[in-house]
Structure formats: C-alpha cells, structure tokens
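# Descriptive structure summary
These are the residues of each chain, in order.
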Amino acid sequence: MKPVRILLPIDSAGTSVACSTAAFGLAKRFGCALEVLHPCPPPSQRLPYATELSPVYFGQLEDVARKQVDEEERRATDWFEEALGAHPDVKAELLTVEGLVGPAVAQRAKVSDLTVLPSIAAREGGMFEPARDAALFHSGRPILIMPDEAGTPIGETVVIAWKDAPEAVRAIAAAAPFLEAAKRVRLISIAEDGEDDTASAVTGYLAMAGLPVEMETVPLGERGVGDAVLTAAGSGVLLVMGGYGHWRWREWIFGGATLHVLRNTDVAVLMNH
C-alpha cells in the first residue's frame, strides 16, 4: 500500500527547514496528504499548583495562559501558511491539538505512514523530545529523522543497518517505498560477536525482490555500535535501522546506538521500533 499520510509535528515556531522540506517533498513524491500537527498544552496545564491561590487570582492566571495558547496557535498558523505557500501543489492541513505532546503525537502517528522529526542536534528539548519518544516507541509506525545537514532527494542510496531483531525487520518493511525507488541499496552488518549469518539471508531475500542490494560486514573494533553504523553508512544516504528499546534507558540496549544516531546523524534516518 502506498503512503497516504505523512505527519509533521511542529511547535509554535514551526520545525527545522530540513524537516519541512522533507515532509512537503515526500508528500508530493508519494502523492499523499500531509498533516502538520501542532500539539499545544492547554491553559489548565500551564497553571502553578498552589492550593492557597484565591479564585480571583487563579482566574487571572488562567486568562494569561489562554492568551499564551492563542498566541502560540497564531504563530503556528502563520508558519504553516508560509510553508504551504512555498509548496502550493501539496495537499496539507494544520491540526492544532490542545493537550500533552506525547499522547497527541502518538495518536496521530498511528494513523500516518511516516512521522518527520528533527534530529536531537537540530532540535533538542522542548516539544520535540516527547514527540520523538512518542512517535518512535508508542505509535507502531516509522519515523524519519532529519538532521540539518541532510540533503534531498531522500533515498537514492538506501543503507540498511541490519541487526537480527524484529525492529530491524520492521524498519525494512517500513522503508519499502524508498527501497523500490532506490538506485543503490547497501546492507551493513556490524560484527559484534563474529559474522551474522542472518545478514546474508536478508540480502538474498531483498535480491529476490529485485533490489540492487550489496552486503558488507563491518568490524566493530573499539567503537560504539552507533558510531560504527554512521561511519559505515557514509554521507548523502537514507539510513534504515531499528529503534531499540526506550532510549532513556539506552545503556541497556544495542550499545546506545539508537540515541547515538538520533543525536549525531548527519543523514536522514528511517527508524522503526
């Protein structure tokens, strides 16, 4: 099934240029809809917790919070209209949801084929931290991580970071629209404890599907897995990999590769949990 909707979460100032360019560009390439999501905490979640506040003062604080919400929604609308004006041939809509960022992003990501978000280096903290967490670990759908350095078009060369785990298999399945159009496909296997026999099996499967796939086993050496993956992937590629575990507990999972890539990548990364 071809993609039908791409999700682009933003804050009141929008998102990175790389994310905006990628989301609008992919919506045009796939002929699908683009939903720009602005999750915005409502006034009730902006008030200080203090039981001694008088009802009058509490009401004044609520009025101030309401004005903050209205201003953030106005700024987000201005950003969206400017972005849409630069891409008039894309079917896009803005959805503002007053509520917690995580649940709002997870809910909309579940009914989208792909969620486009900036790398940690591009946007750290704020709304984007819970948005990345929700989209990757609580939606069941893939995310596309865009660093500021990533160029376009996305996916002429696709690099699959293979690991014998369900997350990697799901990532490959999610990358099907990119794999079908790729001019070159590389599968790299990081040799942590000797050569992984499943890498050649996956390479054979992809070759049967008609993909121009090349396999490479990369010695880990003294590096972390995430560093080895990014170095082996090279520049100007779309990196496809699993998102392993909960990255706040990264020391337990995959040598911290998920967080390392989210923080340090300079190429577009398609990741699925």
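What this report covers is the structure whose coordinates are included nearby. Numbering of residues starts from 1 in each chain and follows the order in which that chain's sequence is written. Restriction of local features to residues with pLDDT of at least 70 applies here, the model being predicted, together with a cutoff of 80 or more for giving and counting side-chain atom pairs; totals for whole chains, interfaces and linings are based on all residues. Side-chain descriptors were evaluated using all non-hydrogen atoms of the structure, hydrogens and water having been removed beforehand.

All right, on to the pattern of salt bridges then. Salt bridge, as used here, is a side-chain nitrogen of Lys or Arg placed within 4 Å of a carboxyl oxygen of Asp or Glu. Across all of its chains, the model carries 9 salt bridges by this definition. Here E124 and R263 are joined by a salt bridge, their closest N and O atoms 3.2 Å apart. Of this pair, E124 sits in the loop between β4 (114-118) and α4 (128-137) while R263 sits in helix α9 (residues 257-264), and the two are 139 residues apart along the sequence. Between E156 and K183 there is a salt bridge; the shortest N-O distance is 3.9 Å. Taken together, the residues E156 in the loop between β5 (143-146) and β6 (157-162) and K183 in the loop between α6 (176-181) and β7 (184-191) connect sequence positions 27 residues apart. Numbering of helices and strands starts at the N terminus; helices are DSSP runs of H or I of at least 4 residues and strands are runs of E of at least 2.

Now for the packing of helix α8 (residues 225-233) against α9. The convention used is that axes are lines fitted to C-alpha atoms, helices contributing only their stretch in contact, and that angles between N-to-C directions extend from 0 to 180 degrees. Where α8 meets α9, the closest approach of the two axes is 7 Å, and the angle between their N-to-C directions is 50°. Regarding the angle of α8 to α9, the classification is oblique. Two packed elements cross with a definite hand, and for α8 against α9 that hand is right-handed. Here V225, G226, D227 and L230 of α8 come into contact with α9, specifically with A257, H260, V261 and N264. Broken down by class, the residue content of the contact of α8 with α9 amounts to 4 nonpolar, 3 polar and 1 charged. Working rule for angles: under 35 degrees goes down as roughly parallel, over 145 as roughly antiparallel, 65 to 115 as roughly perpendicular, anything else as oblique. The hand of a helix crossing depends on one turn: near helix anticlockwise from the far one by less than a right angle means left-handed, and clockwise means right-handed. In what follows, a contact means two residues having at least one pair of non-hydrogen atoms within 4.5 Å. Classification convention: Asp, Glu, Lys, Arg as charged; Ala, Val, Leu, Ile, Met, Phe, Trp, Tyr, Cys, Pro as nonpolar; all other residues, Gly among them, as polar.

Before going further, it helps to examine helix α1 (residues 17-30). One less than the number of residues in a helix, times 1.5 Å, gives the span that helix is expected to have. An ideal rise of 1.5 Å per residue puts 20 Å on 14 residues; α1 measures up with 20 Å between its terminal C-alpha atoms. Note on classification: 1.4 Å probe, protein chains only; a residue is buried when its accessible area is under 20% of the maximum for its type, exposed when over 50%, partly exposed between these limits. Three or more residues of α1 are buried, namely A18, C19, S20, A22, A23, F24, L26, A27 and F30. In the segment just after α1, G31 is the residue with positive phi, at about 65°.

What follows covers the nonpolar core. Among the nonpolar cores identified, the biggest contains 48 residues, and L8, L144 and M146 are the most heavily contacted of them. Remark: nonpolar core denotes a set of buried residues (Ala, Val, Leu, Ile, Met, Phe, Trp, Tyr, Cys) joined through side-chain atoms within 4.5 Å. Grouped together as the second largest cluster of nonpolar side chains are 39 residues, L37, V159, V261 and M271 included.

With that settled, consider the packing of aromatic side chains. To pair, rings of Phe, Tyr and Trp, with the six-membered ring standing in for Trp, must have centres within 6.5 Å; the planes then decide the type, stacked if under 30 degrees apart, edge-to-face if over 60, and tilted in the middle. Scanning all chains against the criterion turns up 1 aromatic pair. Between F30 and F178, the ring centres sit 5.6 Å apart and the planes meet at 80°, which makes this aromatic pair edge-to-face. Separated by 148 residues along the polypeptide, F30 in helix α1 and F178 in helix α6 bring together distant segments of the chain. We note that F30, like F178, is buried.

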